[in-house]
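Residue strings, one per chain:
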Amino acid sequence: MISGWPDPLPGVRLHVVSGKGGTGKTTVAAALALALATNGRRTLLVELEGRQGIAQLFDTPPLPYEERRIAVAPGGGEVRALAVDPEAALLEYLEMFYRLGIAGRTLRRMGAIEFATTLAPGLRDVLLTGKVKECVTRTGPDGRKVYDAVVVDAPPTGRVVNFLDVTKAMAELAKAGPIHKQSEGVVRLVHSQETATHLVTILEDLPVTETLETVAQLREADLHPGAVIVNGVRPQWLPDRSVAAAAGGRVDAERIRAGLAGAGLDLAPDVLEGLVAETVEHAVRVHNEAAALLRLEASALPRVELPRLIDGVDLGGLYELAEALVDQGVQVHRRTGERS
């Protein structure tokens, strides 16, 4: 596993961010959008699951079904956000391909849209991926792409592969017409070098296991893994040579007492005992996290790391994480003739 943002990603425009629940994938997606917008770029951050997590992170009102600027990135870039609503996406789809604007709104009042997405659950993901594809490929009056990068806060690792590939089945079912053409376009995008799926994990056994399983599933489906983003990394206070012994409970309390006394600190026995216990606990964590990192090597993917935010995630914390990503090489590749 290579540390730093992967070199094969210069052509990626669609960054799909997934991870096991509890790993902080929404936070990482937001930080990634900020990082990619650095130095005058424009990114779109897309939320699909209706939780309004992006609005909470950026301390803004709930996002409507429209693209709205939510942050300015260092160097003059900007981040826009979109919370995709399946019903609104279906109405937009009907209007775009069938000119059913009024009829579509009537269907919504009748509840037909909810009925359709319930009857065919995959239709919801088709609508979501279709809207994402439209955002990625949209061009302005000058013929240039509106967004330098689109970042998607995608479903968790347990279903991200099915989510990305659901349109492939739809393209095979609909052999002609607008649905087939639209589905084919989505399939081409998500299977191309323009799309990469980044997997967020923390250094614990279950998230690492799910990350490795998802990497295998992505490759089997001919989808492109991007980077493993290790979130919540904590500092190591012990030297490497001391970790194994301390993790095994072999801590010389008298040596610690003498060292502290030499520094002018005379601790009560119970305080010293607590310090020793914390040292053992820290060593056990470091030992386990090192084992988790070793397992991640099996993915053969580049790795970037984000620090644990002591005071929790707020807007300032997002900028701190974005800076950490930029320091590890995250950027939008400038193509010849693109906006500067």
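Residues numbered from 1 in each chain as written. Predicted model: local features only at pLDDT ≥ 70, side-chain atom pairs only at ≥ 80, totals over all residues. Heavy atoms only, no water.

Caption draft 1: Spatial organisation of the overall build of the chain. A tally of regular secondary structure across the chain gives 13 helices and eight strands. Put simply, the chain has 340 residues, and 45% of those count as buried. In the chain, the share of contacts with a sequence separation of at least 24, taken over all contacts with a separation of at least 6, comes to 73%. (Helix = DSSP H or I, 4+ residues; strand = E, 2+ residues; numbered from the N terminus. Buried < 20%, exposed > 50% of the residue type's maximum accessible area, 1.4 Å probe, protein only. Contact = heavy atoms within 4.5 Å.)

Caption draft 2: Inspection of the side chain of Thr-38 at higher detail. Secondary-structure assignment places Thr-38 in the loop between α1 (25-36) and β2 (42-47). Of the residues examined, Thr-38 reaches a relative accessible area of 15% and is grouped as buried. Polar side-chain contacts of Thr-38 include one of 3.3 Å to the backbone oxygen of Leu-34. Excluding its chain neighbours within four sequence positions, the residues that come into contact with Thr-38 are Ala-73, Pro-74 and Val-326. (Polar contact = N/O pair within 3.5 Å; in protein donor to acceptor, adjacent residues only side chain to side chain.)

Caption draft 3: Summary view of empty space enclosed by the protein. Under the criterion given, the structure shown has two cavities of 30 Å³ or more. Volume-wise, the largest cavity comes out at about 80 Å³. (1 Å grid on protein atoms, 1.4 Å probe; cavity = no way out; pocket = protein on both sides within 12 Å on 5 of 7 lines; lining within 4 Å. Points joined across faces, edges and corners; volume = space filled by probe spheres on them.)

Caption draft 4: Structural detail: the pattern of salt bridges. Per the stated rule, a full pass over the model turns up 16 salt bridges. The salt bridge involving Asp-153 is made with Arg-51; its shortest N-O contact spans 3.7 Å. Taken together, the residues span a long stretch of sequence, with Asp-153 in strand β5 (residues 149-153) and Arg-51 in the loop between β2 and α2 (53-57) at a distance of 102 residues. For Arg-51, a relative accessible area of 44% corresponds to the partly exposed category. Members of the salt-bridge network, linked through shared partners, are Arg-42, Arg-69, Glu-78 and Arg-80. (Salt bridge = Lys/Arg side-chain N within 4 Å of Asp/Glu carboxyl O.)

Caption draft 5: Structural context of the packing of helix α9 (residues 205-220) against helix α12 (residues 269-296). Contact pair α9 / α12: the axes reach a minimum separation of 10 Å and the direction vectors enclose 5°. Between α9 and α12, the angle falls in the class roughly parallel. For the pair α9 and α12, contact is made by Asp-205, Val-208, Thr-209, Thr-211 and Leu-212 and by Ala-292, Arg-295 and Leu-296, respectively. Taken together, the residues of the contact of α9 with α12 break down into four nonpolar, two polar and two charged. (Axes fitted to C-alpha atoms, helices over the stretch in contact; angles between N-to-C directions. Parallel < 35°, antiparallel > 145°, perpendicular 65-115°, else oblique. Nonpolar A, V, L, I, M, F, W, Y, C, P; charged D, E, K, R; others polar.)

Caption draft 6: Representation of the sheet that holds strand β4 (residues 78-83). On the basis of which strands lie adjacent, the open sheet formed by eight strands has the order β3-β4-β2-β5-β1-β6-β7-β8 and mixed pairing. The sheet terminates laterally at β3 (68-72) and β8 (303-307), the two strands that pair on one side only. Neighbour-to-neighbour, the strand axes of this sheet turn through a mean angle of 25°, independent of strand direction. In the packing of α9 onto the sheet, contacts are made with β6 (195-201) and β7 (225-233), and the angle to β6 comes to roughly 165°. Here helix α13 (residues 315-327) sits on the sheet and contacts β3 and β8; the angle it forms with β8, its principal contact strand, is near 150°. (Pairing = 2+ DSSP bridges.)

Caption draft 7: The arrangement of the nonpolar core in detail. In this structure, Leu-45 and Phe-58 are the most contacted members of the largest nonpolar core, which totals 39 residues. Looking at this core, the elements that each hand over two or more residues are α1, α2, β3, β4, β5, β7, β8 and α13. With nine residues, the top contributor of residues to this core is α1. With residues near it in sequence (within four places) discarded, Leu-45 still touches Ala-29, Ala-30, Ala-33, Ile-54, Phe-58, Val-79, Arg-80, Ala-81, Leu-82 and Val-151. With 35 residues, the next largest nonpolar core counts Leu-48, Val-160, Val-208 and Leu-296 among its residues. (Core = buried A, V, L, I, M, F, W, Y, C linked by side-chain atoms within 4.5 Å.)

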